[in-house]
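# A closer look at the structure
This is what each chain is made of:
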Amino acid sequence: MTLATRKFDTLILGSGGAGLRASLQLADAEARVAVVSKVFPTRSHTIAAQGGVNAALANVTADNWHWHMYDTVKGSDYLGDQDAIEYMCRAASHLVYELEHYGVPFSRLDNGKIYQRPFGGQSQQFGEGGQATRTCAAADRTGHAILHGLYQQNIRAKTNFFDEYFAIDLISDKDGNVLGALVMEIATGEPLLIEAKTTLIATGGCGQVFRTSTNASINTGDGMAMALRAGVPLQDMEFFQFHPTGIAGKGLLITEGARGEGGYLINKDGERFMERYAPNAKDLASRDVVSRAIATEVREGRGCGPNADHVMLRLDHLGAEIVGKRLPGISETCRTFLNLDPADTPIPVFPTAHYVMGGIPTNRFGEVVVQHGNNSEELVNGLYAIGEAACVSVHGANRLGGNSLLDILVFGRAAANRVTKFLKGHRYHKPLCQDSVDKAMQRLQRWDNKGDGESVESLRSELKLVMEQHCGVFRNEEVMQDGIQKLKAIRDRLPGVQLKDDSKVFNYARIEALELENLVDISMSIMMSAGARKESRGAHSRMDYPNRDDENWMEHSLYYLDGDRHSTKPVRTKPLTVETFPPKERVY
Ligand SMILES: Cc1cc2nc3c(=O)[nH]c(=O)nc-3n(C[C@H](O)[C@H](O)[C@H](O)COP(=O)(O)OP(=O)(O)OC[C@H]3O[C@@H](n4cnc5c(N)ncnc54)[C@H](O)[C@@H]3O)c2cc1C
């Protein structure tokens, strides 16, 4: 059988905000760009982003990029790379204005400038000047506005879209140069080989490894797992952000913007408990702090409801006008899923898996890097990664709200500029290695033998439960070691899983099977890295090692699929032009 093949200058896997910002830059630079997405581009998870995007525009309070940088370094619990953080915070205002010019309909202040709201972990004067107001918003549908703006600009720029194509694996040559990917058209089940001089992974996050998550069901970490299979490690996967305010039991997100607009949390006694955990920032402390506070209230018996298993978010004091104008999306969510109006009834909330700080290791140009020895890094030729799939690392151990929409714009553009430069020096496609094509084809064909083996669905449910029970907000050695054994047993059962229907046309069971393989590898990377890190930092909170240990653990962790190997690499503490922010105790 001859395999259908297409050739492009550059292949982008994923059409969320990261992929579309990169493809726009490349198409405008006249590169031949292919964008592959397993869903129609504007259904990517970026569409769900509510609260906004951070930039020190100073439209509401005094602000500048250096304060934003300080907050991001502190928020990361000093694990973020300070060169990349400086780069991101300096670029922020420019990139937000650029979006405005693309036609993104930001909300407005009375003076006509872009509306900004306060978000968690934001400060003026390097933490000394009180709350900053830095998050630029289009009501509570900011991601929707941005993704549509970027998609329309890509249509203008004539980007080539492969909508509803599923990427299976990267293709390379014998020397390890990445030369494209094998993908499958979902409508027909037919494979297609896309050859490219550069390949950019922008496949987003992996929240689906947990049972309760704010993430879309498509967020299965496919690109990260593809990188793992290609021998690239994943960095800092133990740092998984639990958003403090998911709807209890359901996981749907209630944006931090709700607290930014003045909402606050109460326990069963009606107490504003955040005053005890973060006396200054209170409900706008950083996310890891608020999530732990809620989990602690519930654990100590001060939870609400018949099972005392959640707390309440109050917005009813804000008035129907503010709630309707600034938070229309979450009002609709509450009416649809809880049958309540947040303008007069508090919302039941509990921490929910939300965002992976870790991912494919890159430098601040989006180039994928692997570590050799302690201080030397080597590029993986032709491979780039951006957005939630990547770990630059600007979020370190804990991401600040509003910094991910920024990250996808800044590094989407930076990576595209780097690709453009690469293309100038590499005018021809390299011949690929048939072995790597065969391997990817085998992965697809493995699901051709239907039978009565274990189902995808039962193994996946078990996996998510193991992750929830063994690697949640609070962790300890015994529970995680037990979890690792359970994950290994699940991995061993994978070869016995079979489809009941192996037809080709629009067979989503086949897609879910391919996703399950990815989820298993990603779960292992999270649990193994969490087991290895013997300290508490940012979102990684261990009962048996409650303190941060800068002496031994001021290091990024790396997980390799091969032998479940763990290693570390140094944090880049030197910014580009300013002084380093040295580690301090993190109080809010
Ligand atoms: C509910 C919610 C609210 C959020 N709110 C905010 C906010 O207010 N502010 C903020 O800064 N951040 C927010 N975030 C985080 C932020 O939205 C995301 O981290 C960011 O949008 C990710 O963008 P991305 O382009 O990396 O990935 P995504 O937008 O997730 O896009 C991934 C793309 O990859 C494609 N893909 C994946 N696997 C495959 C495959 N195998 N084959 C082909 N295509 C594939 C998908 O089809 C999709 O096009 C929020 C996240 C959630 C879940």
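The number of helices and strands found in the chain is 16 helices and 22 strands. A compact globule built from 588 residues should have a C-alpha radius of gyration of about 25 Å, and the chain, at 23 Å, falls within 12% of that. Along the first, second and third principal axes, the C-alpha set of the chain runs to 70 × 50 × 50 Å. Within the chain, the proportion of its 588 residues that are buried is 62%. In the chain, once contacts between residues fewer than 6 apart in sequence are set aside, the share between residues at least 24 apart is 74%. Carbon and sulfur atoms make up 48% of the accessible area of the chain, which amounts to about 21700 Å² in all.

What follows deals with the environment of Ile 201. Residue placement: Ile 201 occurs in strand S9 (residues 191-201). The exposure class assigned to Ile 201 is buried, which follows from its relative accessible area of 0%. Once the C-alpha coordinates of Ile 201 and Leu 13 are considered, the two residues, 188 residues apart in sequence, prove to be 5.0 Å apart. Beyond its immediate chain neighbours, meaning those up to four positions away, Ile 201 contacts Leu 13, Leu 170, Gly 223, Ala 227, Ile 360, Leu 383, Tyr 384, Ala 385, Ile 386 and Ala 389.

Under the domain assignment used here, the chain contains domain 1 (5-239 + 357-425), domain 2 (247-351) and domain 3 (454-562). For domain 2 and domain 3, the distance between their C-alpha centroids amounts to 28 Å. Taken together, the contact pairs 7 residues of domain 2 with 6 residues of domain 3. Summing the contributions of domain 2 and of domain 3, the shared interface buries around 480 Å²; its carbon and sulfur component is 68%. On the domain 2 side of the contact with domain 3, Asp 288, Arg 292 and Arg 299 bury the most area, a combined 73% of that side's loss. Taken together, the links from domain 2 to domain 3 amount to 0 salt bridges. Within the side of domain 2 that touches domain 3, the residues separate by chemical class into 2 nonpolar, 2 polar and 3 charged.

We now examine the sheet that holds strand S22 (residues 565-570). With antiparallel pairing, the 3 strands of this open sheet are ordered in space as S10-S21-S22. This sheet does not close on itself; its edge strands, each paired only once, are strand S10 (234-235) and S22. Judged from the 6 bridges that link them, strand S21 (residues 555-560) and S22 form a sheet pairing that is antiparallel. Its bridge partner being in S22, Glu 555 is matched across the sheet by Pro 570.

Before going further, it helps to spend a moment on the packing of aromatic side chains. A ring pair, where both rings are aromatic, is described by two values, the distance of the centres and the angle of the planes. What the rule picks out here adds up to 13 aromatic pairs. Ring plane angle 55° and centroid distance 6.2 Å describe the contact between Phe 240 and Phe 242, whose orientation is recorded as tilted. In terms of burial, Phe 240 and Phe 242 fall into one category: buried. With centroids separated by 6.3 Å and ring planes inclined at 25°, the aromatic side chains of Phe 506 and Tyr 508 adopt a geometry described as stacked. Exposure remark for Tyr 508: the relative accessible area of 41% places this residue in the partly exposed category. The structure contains a cluster of three or more aromatic residues connected by ring pairs, namely Phe 8, Phe 162 and Tyr 165. The aromatic ring of Phe 365 is capped on one face by Arg 418, whose charged end is 3.8 Å from the ring centroid. Looking at Arg 565, its charged tip hangs above the ring of Tyr 560, at a distance of 4.0 Å from the centre.

Conventions adopted
- Residues numbered from 1 in each chain as written.
- Predicted model: local features only at pLDDT ≥ 70, side-chain atom pairs only at ≥ 80, totals over all residues.
- Heavy atoms only, no water.
- Helix = DSSP H or I, 4+ residues; strand = E, 2+ residues; numbered from the N terminus.
- Rg over C-alpha atoms; globule rule 2.2 N^0.38 Å.
- Buried < 20%, exposed > 50% of the residue type's maximum accessible area, 1.4 Å probe, protein only.
- Contact = heavy atoms within 4.5 Å.
- Areas by Shrake-Rupley, 256 points an atom, 1.4 Å probe, with all protein chains shown as cover.
- Domains from an automatic or database assignment.
- Buried area = accessible area lost by both parts, 1.4 Å probe.
- Salt bridge = Lys/Arg side-chain N within 4 Å of Asp/Glu carboxyl O.
- Nonpolar A, V, L, I, M, F, W, Y, C, P; charged D, E, K, R; others polar.
- Pairing = 2+ DSSP bridges.
- Phe/Tyr/Trp six-rings, centres within 6.5 Å; stacked < 30°, edge-to-face > 60°.
- Lys NZ or Arg CZ within 6 Å of the ring centre and 35° of its normal.

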